[in-house]
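Now for the letters of each chain:
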Amino acid sequence: MIIRLSSADDAGLLADYYRANAGHFGRWDPIRPQDYYDEATIRQRYVAYEQQQLHGTSAYFIGVRDGHVIAHCSLTNIIYGPFRAGFIGYGVSKALEGTGCMRQLCEVVIAHAFKVLELNRVMANYMPANQRSGFLLQKLGFTEEGYAKKYLKINGRWEDHILTALVNPQTC
């Protein structure tokens, strides 16, 4: 798997990836507008994402194998100053769940967060029903910090989330 920052030039690859995994991701995502995963809409979003990446306020990575996107992982809502933290979000093709590629991609993104962006902490929140996500975060070293009721509106319903974080071992 090739892991790299994504760009607006990846819009076609990303459209194919999201279309192929719409049902898989839909259980864990907010309800999206009909055209959210169309190539033109993705390209437009990623032009803005590229600006965010230049300013260090987000980073959008993809894992590519055989010319196809197979996984994505992002750092978003990055805040500097005394907080120096951001949120990690991710997804993998349904066919590749349990193969280790999601963990590999997340490890690269976490290293980017701590070494390049010099963040102190990376936070991840997941729905209790998403046990795969919980296991992945444990393997990555995240620790549970809390439980938030009705935290995010997912697939049309307010869902509780388990709050986790990973602290940069190099910061004091």
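The sections below set out a description of the structure shown in this document. Worth saying up front: this structure is predicted, and the values here are computed from it rather than measured.

Further remarks concern the sheet that holds strand β6 (residues 143-154). Spatially, the 7 strands line up as an open sheet ordered β1-β2-β3-β4-β5-β7-β6, and their pairing is mixed. Two strands in the sheet have a free side with no partner beyond their single neighbour: β1 (2-5) and β6. Ignoring which end each strand starts from, the neighbouring axes of this sheet average 25° apart. Pairing analysis gives 7 bridges linking strand β3 (residues 68-79) to strand β4 (residues 85-92), with the strands arranged antiparallel. Of the residues in β4, the one forming a bridge with Thr76 is Phe87.

Within the structure shown, the criterion is met by 8 salt bridges. The salt bridge involving Lys94 is made with Glu97; its shortest N-O contact spans 3.2 Å. Across the pair Glu159 and Arg157 runs a salt bridge whose closest N-O atoms are separated by 3.7 Å. A relative accessible area of 18% means that Glu159 is categorised as buried. In this structure Arg157 comes out as exposed when scored by relative accessible area, which is 55%. Three or more residues are tied together by salt bridges with common partners; here these are Lys94, Glu97 and Arg132.

Once that is clear, we can look at the packing of aromatic side chains. Scanning the entire structure with this criterion turns up 8 aromatic pairs. By way of ring pairs, the aromatic residues Tyr17, Tyr18, Phe25, Tyr36 and Tyr37 are connected into one cluster. The side chain of Arg45 reaches across the aromatic face of Tyr36, ending 3.7 Å from its centre.

Each value, and the rule that gives it
Residues numbered from 1 in each chain as written. Predicted model: local features only at pLDDT ≥ 70, side-chain atom pairs only at ≥ 80, totals over all residues. Heavy atoms only, no water. Pairing = 2+ DSSP bridges. Helix = DSSP H or I, 4+ residues; strand = E, 2+ residues; numbered from the N terminus. Axes fitted to C-alpha atoms, helices over the stretch in contact; angles between N-to-C directions. Salt bridge = Lys/Arg side-chain N within 4 Å of Asp/Glu carboxyl O. Buried < 20%, exposed > 50% of the residue type's maximum accessible area, 1.4 Å probe, protein only. Phe/Tyr/Trp six-rings, centres within 6.5 Å; stacked < 30°, edge-to-face > 60°. Lys NZ or Arg CZ within 6 Å of the ring centre and 35° of its normal.

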